[in-house]
2 protein chains.
Amino acid sequence: MSGEEAPTQQQQPEQQEKKPDEPPPAAAAAADAPQEERSAAPAAEEKTLSFRALVLTGHGGYDKVKLQVKTQSEPRLQPGEVLVRVKACGLNFGELLGRMGMDEMLPSPPVTMGMEGSGVIEAVGEDVKERKVGDRVIVLSLGGMWQEVVVVSASRTFPMPEQMSFEEGAALSVNYVSAYLMLFEMANVRPGKSVLIHMAAVLSGRVACMIQPHETRVMRRAERITGGVGIAASQLCQTVQDVTVFGTASGSKHETIAQGGVTHLIDYRTKDYVAEIRKISPKGVDIVLDPLGGSDSQKGFSLLKPLGTLVVYGATNSVTGPKKNLLAIAKTWYNQLSLNTLKLMPANKAVCGFYLGHIVNEELVSRTMFKLLELYGQGKIKPHIDSCYHFEEVADAMRRMHERLNIGKVILLPEAKKEEEKPKSDPEPVENVEKTEAAVEEKKEEAAEEVKEEKD
Amino acid sequence: MSGEEAPTQQQQPEQQEKKPDEPPPAAAAAADAPQEERSAAPAAEEKTLSFRALVLTGHGGYDKVKLQVKTQSEPRLQPGEVLVRVKACGLNFGELLGRMGMDEMLPSPPVTMGMEGSGVIEAVGEDVKERKVGDRVIVLSLGGMWQEVVVVSASRTFPMPEQMSFEEGAALSVNYVSAYLMLFEMANVRPGKSVLIHMAAVLSGRVACMIQPHETRVMRRAERITGGVGIAASQLCQTVQDVTVFGTASGSKHETIAQGGVTHLIDYRTKDYVAEIRKISPKGVDIVLDPLGGSDSQKGFSLLKPLGTLVVYGATNSVTGPKKNLLAIAKTWYNQLSLNTLKLMPANKAVCGFYLGHIVNEELVSRTMFKLLELYGQGKIKPHIDSCYHFEEVADAMRRMHERLNIGKVILLPEAKKEEEKPKSDPEPVENVEKTEAAVEEKKEEAAEEVKEEKD
């Protein structure tokens, strides 16, 4: 069973030889299964299962993620596994990178992406004691969550509190686990510390309509990642006494949305955030969480106090549009922070890299999830949902994130969209249209850049 | 008043224009002082003060540190300052580097080195409330401690518990503050973590006499730093529940001295410590404290578990004998760990540099010292004193450390050696002699290397 055919997230690169866009019949899928499994379930008695799945069919633009309906034999659960009917999935920046072919860890297409989701348990394998059919659960997986049904290890599922919606459940794991591990495992936030969080808050009011053509590049720079880990991190900082949070934010107005926990908010479109922080705290900050990479990592390092820690967890500066931009990648690479230990010593500083996809310590992830559920129960953290898109609208969902229009989490819903249903998202459609026009301009410019670069 | 003339550690590089070996008379020293101070203390009434001091007169071998007797006007204390009669000073690897001209932070000679000591307060300035004349104190300074009397800020002094000897007091600050800040501020040691500490313990039995000529180089590598921060760190790890310490140690026999807190002891002269650790803990360790630098930093980094932390706090691999070895420096530099953030991210690791001399946060240092004094009071930490040398024996003291003969702290005593007094150290004089012969061989070899290198 290959990743895009089977209701499981256990994607193995070597299982990817199937052609895209051709969901095989259940019999063919069953033929892939090991013989010993087959013997106990003769073909005549096999029940089949149909489900919707988003399949990455190649690397490139939005059209590379296709909705497919798969029919195959009902999965036989291994001991410790559960079958979950997925109600909501999270969309993450990592999946945008995956689509563009910028995630080396993702198996080659065809493959189903998706690290997180929520749903209801429909079946449990042997030796599963802590979960039962009907349980509402969060699933944090290594991939393959963007389908209606998944088979996962029960240890990767976490019980949802009653008051938590499926959308919130799908929004909690990746962003909050990342923020928690970076703040408390790597950087050791304690009372009295100061933290710089990029995109800790998002300012209301879209700016696309006000942007002049020559400002497009500035705009692109300013609208890096909205929400996600930044919002989670600033909420988590609030759980520690006396922590000062410097948050950078984009947007033109200063009424904040989802500001949770930010002490000093800096609109880095209009101000130099390094200078602003130095004005308030001349010695700098103790911790910097950096999703941007490139020259921003250098700025973050320079802002650290002695014994301070920079955690780099992304290189979004290298992503400018829906397709790979080689120039932006090269620029980010060229400007990235490079250090040797003899330079680090006199500085008394720490530099960390973080990538959740490589954290395979299940006990640590599990412990962190239960801690987060406790904080949620206490009302100390709450995911901010930007918008929800049905699977058939996945291109719109990805576009929304690419164009940095989202404030908080973008959710994908496996359930089919009803004909009469209104879109659940896009609170400001007029501005979005204008923004999209700006983005089209931007894309043209990028295409020109790429062409130029390739010529060079 | 320049660093080598005045009883103070406040060395300013611009005050170093005095010629070495010519301690000026008190009148000359007084002439340097600002006019407003002079007016209140006419020359006729000035009391003079004589004291012994170790002065670094140039960069090079042991002979560059000279004992001088200085006579000058009695210092007038500024508000917040105290005058301390020094009873014992610590010798640190940093001072060996300083003598060789390998510490960029040290003002140019003539200068008095010494970061730590202990003594008795003889006078207090205005506004000093928490200290009084007669108090026994530890002094942690930025330099200039190697003299009989020092003037320091009262905030840099810490009250000594009754049961603590002056030697212990002089041994507590640099090594234990360094180990504490690295373990608890940078690396965040918590229950259940594992730590690799180089030279965490020292195995008994000197090996010099057993070394064959062709083994000299191996020996040199094996005998990196004995005691100091490693012993302090392993004692401090014991204060946290369920911490596993992997300690590397040199020496030929397996009866350990000062083993405090080491779970797994690896004699890295005879075994590959990376392979040994992997045997016991295939996933590696959470924290590595690395004083060695060069290729050992790379090994340490490779041994880290995900979310693990490497703290590099030295490059002793670049020091092979009493004089600068350009080849060893180049080799350490060439092999040092160089990283960029894009490499750190998928690894989920942290790299820190630590250098106590640059920690200027007095509140942090003070808080740490009081924590350490509390742990000392509870019997949880105890400095291990290797040997004590009078100021006139400073060359022997430095030689002992250079030749890695010390097990624990080497102490310098300002008090003059009595004629009949037996040496307080060198429990194994015969082996030392042999070791010294080996060292002479080594030095010749190094000199040849340097000449060769310069020719190249």
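Quick caveat: nothing in here was measured; it's all calculated off a predicted structure.

The next thing to look at is the overall build of chain A. For chain A, the count of helices and strands is 13 helices and 18 strands. Here chain A holds 456 residues, and 58% of them are scored as buried. Accessible surface computed for chain A: about 18500 Å², of which carbon and sulfur atoms make up 53%.

All right, on to unusual backbone geometry then. All names here are of chain A. In this structure, the amide linkage connecting Pro109 to the following residue, Pro110, adopts the cis form with an omega of 0°. Of note, Asp127 is a non-glycine position whose phi angle comes to about 65°, a positive value. A positive phi angle, near 70°, is found at Leu307, a position not held by glycine. Among the structural elements, Leu307 can be located in strand E14 (residues 304-312). Leu307 sits in the buried class, given a relative accessible area of 10%.

This part is about the relation of the copies chain B and chain A. You can overlay chain B on chain A at an RMSD of 0.0 Å; the transform is a turn of 180° with a shift of 0.0 Å along its axis. Taken together, the turn and the small shift mark the pair as related by a two-fold rotation axis. The share of interface residues of chain B whose copies in chain A are also at the interface is 100%, consistent with both copies meeting through the same surface.

All names here are of chain B. Counting buried positions along strand E13 (residues 285-290) yields six of six residues, so the element is predominantly enclosed. Of the pairings in the sheet, the one linking strand E8 (residues 194-198) to E13 comprises three bridges and is parallel in character. Following the sheet pairing, Val195 is matched in E13 by Ile287. Bridge count between E13 and strand E14 (residues 304-312): five bridges; the pairing is parallel. Each residue of the ladder has a partner; that of Val288, found in E14, is Leu310.

Contacts between the two partners involve 35 residues from chain B, matched on the other side by 35 residues from chain A. Taking both sides of the interface into account, the surface hidden between chain B and chain A amounts to around 3100 Å²; carbon and sulfur atoms contribute 59%. Summed over the three residues of chain B that lose the most area to chain A, namely B:Leu307, B:Thr341 and B:Met345, the buried surface amounts to 21% of that side. Linking chain B with chain A are four salt bridges. Listed by contribution, the elements that provide at least two residues to the side of chain B that touches chain A are helix H4 (166-186), E14, strand E15 (338-340), helix H10 (341-347) and strand E16 (350-353) of chain B. Looking at the side of chain B that touches chain A, the element that brings in the most residues is H10(B), giving five residues. Class assignment of the residues belonging to the side of chain B that touches chain A gives a composition of 21 nonpolar, ten polar and four charged.

What describes a pair of aromatic rings is the distance from one ring centre to the other and the angle between the planes of the rings. Residues and elements named next belong to chain A. In the structure shown here, the tally under the stated rule is four aromatic pairs over all chains. Centre to centre, the rings of Phe158 and Phe370 are 5.7 Å apart; their planes meet at 75°, and the pair counts as edge-to-face. With Phe158 in strand E7 (residues 157-159) and Phe370 in helix H11 (residues 362-377), the pair connects residues that are 212 residues apart, well separated along the chain. Plain terms: the ring middles of Tyr180 and Phe184 are 4.6 Å apart, the flat faces sit at 45° to each other, and that makes the pair tilted. Remark: Phe184 and Tyr180 occur in helix H4 (residues 166-186); sequence separation between them is four residues, near one turn of the helix. Side by side, Tyr180 and Phe184 carry an identical accessibility label, which is buried. The aromatic ring of Phe166 is capped on one face by Arg136, whose charged end is 4.8 Å from the ring centroid.

A few words on the side chain of B:Thr309. All names here are of chain B. Following the sequence through the fold, Thr309 ends up in strand E14. Taking relative accessible area as the criterion, Thr309 reaches 5% and is therefore assigned buried. Setting aside residues no more than four positions away along its own chain, Thr309 makes contact with Ala187, Asp286, Ile287, Val288, Leu304, Ala350 and Cys352.

Here we come to the pairing of E14(B). Residue and element names in this part refer to chain B. Summarising burial for E14: seven of the nine residues are buried, a large majority. The handedness of the E13 to E14 crossover, carried by helix H8 (residues 295-303), is right-handed. Where E14 lies against E16, four bridges are found, and the strand directions are parallel. Residue pairing in the sheet places Thr309 in a bridge with Ala350 of E16.

Read from one edge of the open sheet, twelve strands run E12(A)-E10(A)-E8(A)-E13(A)-E14(A)-E16(A)-E16(B)-E14(B)-E13(B)-E8(B)-E10(B)-E12(B), paired in mixed fashion. Among the strands making up the open sheet, the edge pair consists of strand E12 (264-267) of chain A together with strand E12 (264-267) of chain B. Strand after strand, the sheet turns through a mean of 15° between neighbouring axes, direction not considered. Here helix H6 (residues 229-237) of chain A sits on the sheet in contact with strand E8 (194-198), strand E10 (244-249) and strand E13 (285-290) of chain A, set at roughly 160° to E8(A).

This brings us to the packing of H4(B) against helix H11 (residues 362-377) of chain B. All names here are of chain B. It is at 9 Å that the axes of H4 and H11 come closest, and there the two elements cross at 110°. Taken together, H4 and H11 sit at an angle that is classed as roughly perpendicular. As for the relative orientation of H4 and H11, their crossing is right-handed in sense. Counting all contacts with H4, which are made through Glu168, Leu172, Ser173, Tyr176, Val177, Tyr180, Leu181 and Glu185, the residues of H11 involved are Leu364, Arg367, Thr368, Met369, Lys371, Leu372, Leu373 and Tyr376. Taken together, the residues of the contact of H4 with H11 sort by class into ten nonpolar, two polar and four charged.

Turning to helix H3 (residues 93-100) of chain A, a few remarks are in order. All names here are of chain A. Extensive coverage of H3 is indicated by the burial of six of its eight residues. Packing partners of the buried residues in H3 comprise strand E1 (48-56), strand E2 (65-73), strand E3 (81-91) and helix H12 (394-402). Of the residues one or two after H3, Gly101 is the one with positive phi, at around 80°.

Side chains that are nonpolar tend, in soluble globular proteins, to be buried together. Counting residues in hydrophobic clusters, the biggest one holds 55 residues, and the most contacted among them are B:Leu183, B:Leu236, B:Leu289, B:Phe354 and B:Leu372. Sorting the residues of this core by element identifies strand E5 (136-140), H4, E8, helix H6 (229-237), E13, H11 and strand E18 (409-413) of chain B as the ones contributing at least two each. Both of domain 1 (13-172 + 361-413) and domain 2 (174-358) of chain B provide at least three residues apiece to this core. Among all residues touching B:Leu372, those that are not within four sequence positions of it are B:Tyr176, B:Val177, B:Tyr180, B:Leu236 and B:Ile381. The next biggest cluster of nonpolar side chains, apart from the first, holds 48 residues, and it includes A:Leu172, A:Leu181, A:Leu236 and A:Ile287.

What follows covers the pattern of salt bridges. If the charged atoms of two oppositely charged side chains come close together, the side chains can form a pair. With the rule as written, the count across this model stands at 28 salt bridges over all chains. A salt bridge links B:Lys409 to B:Glu116; its shortest N-O distance comes to 2.6 Å. With B:Lys409 in strand E18 and B:Glu116 in strand E4 (residues 116-124), this residue pair connects regions lying 293 residues apart in the sequence. One exposure class covers both B:Lys409 and B:Glu116, and it is buried. Among the charged side chains, a salt-bridge network with shared partners connects A:Glu185, B:Arg190 and B:Lys193.

This next bit is on the side chain of B:Thr112. You can see B:Thr112 is positioned in the loop between helix H3 (93-100) and E4. Within the local environment of B:Thr112, its side chain forms a polar contact with the backbone oxygen of B:Leu54, the two atoms lying 3.1 Å apart.

What follows covers the confidence of the model for chain A. Residues and elements named next belong to chain A. Averaged over all residues, the pLDDT of chain A equals 77, while 73% of them reach at least 70. Under a pLDDT of 50 for its full length, residues 203-226 has, in the predicted model, 78 contacts with residues more than four places off or in other chains. Segment residues 426-456 is flagged for pLDDT under 50; beyond a separation of four residues in sequence, or across chains, it makes 43 contacts in the model.

In this section: the environment of B:Ala350. The topology assignment puts B:Ala350 in strand E16. C-alpha separation for the pair B:Ala350 and B:Ala187, spaced 163 residues apart in sequence, amounts to 8.8 Å. Residue contacts for B:Ala350: discarding those within four places in its chain leaves A:Met186, A:Val351, A:Cys352, B:Leu304, B:Gly308, B:Thr309 and B:Leu310.

Moving on, we get to the environment of B:Ile359. Relative to the helices and strands, B:Ile359 resides in the loop between E16 and H11. Residue B:Ile359 is classed as buried on the basis of its relative accessible area of 3%. With sequence-adjacent residues up to four places away left out, B:Ile359 is seen in contact with A:Leu307, A:Asn348, B:Arg156, B:Leu181, B:Phe354, B:Leu364 and B:Val365.

Rules used in this analysis
Residues numbered from 1 in each chain as written. Chains lettered and ligands numbered in written order. Predicted model: local features only at pLDDT ≥ 70, side-chain atom pairs only at ≥ 80, totals over all residues. Heavy atoms only, no water. Helix = DSSP H or I, 4+ residues; strand = E, 2+ residues; numbered from the N terminus. Buried < 20%, exposed > 50% of the residue type's maximum accessible area, 1.4 Å probe, protein only. Areas by Shrake-Rupley, 256 points an atom, 1.4 Å probe, with all protein chains shown as cover. Least-squares fit on C-alpha atoms with pLDDT ≥ 70 in both. Contact = heavy atoms within 4.5 Å. Pairing = 2+ DSSP bridges. Buried area = accessible area lost by both parts, 1.4 Å probe. Salt bridge = Lys/Arg side-chain N within 4 Å of Asp/Glu carboxyl O. Nonpolar A, V, L, I, M, F, W, Y, C, P; charged D, E, K, R; others polar. Phe/Tyr/Trp six-rings, centres within 6.5 Å; stacked < 30°, edge-to-face > 60°. Lys NZ or Arg CZ within 6 Å of the ring centre and 35° of its normal. Right-handed = clockwise from strand over helix to strand, strands pointing away. Axes fitted to C-alpha atoms, helices over the stretch in contact; angles between N-to-C directions. Parallel < 35°, antiparallel > 145°, perpendicular 65-115°, else oblique. Left-handed = near helix turned anticlockwise from the far one by under 90°. Core = buried A, V, L, I, M, F, W, Y, C linked by side-chain atoms within 4.5 Å. Domains from an automatic or database assignment. Polar contact = N/O pair within 3.5 Å; in protein donor to acceptor, adjacent residues only side chain to side chain. pLDDT = per-residue confidence, 0-100.

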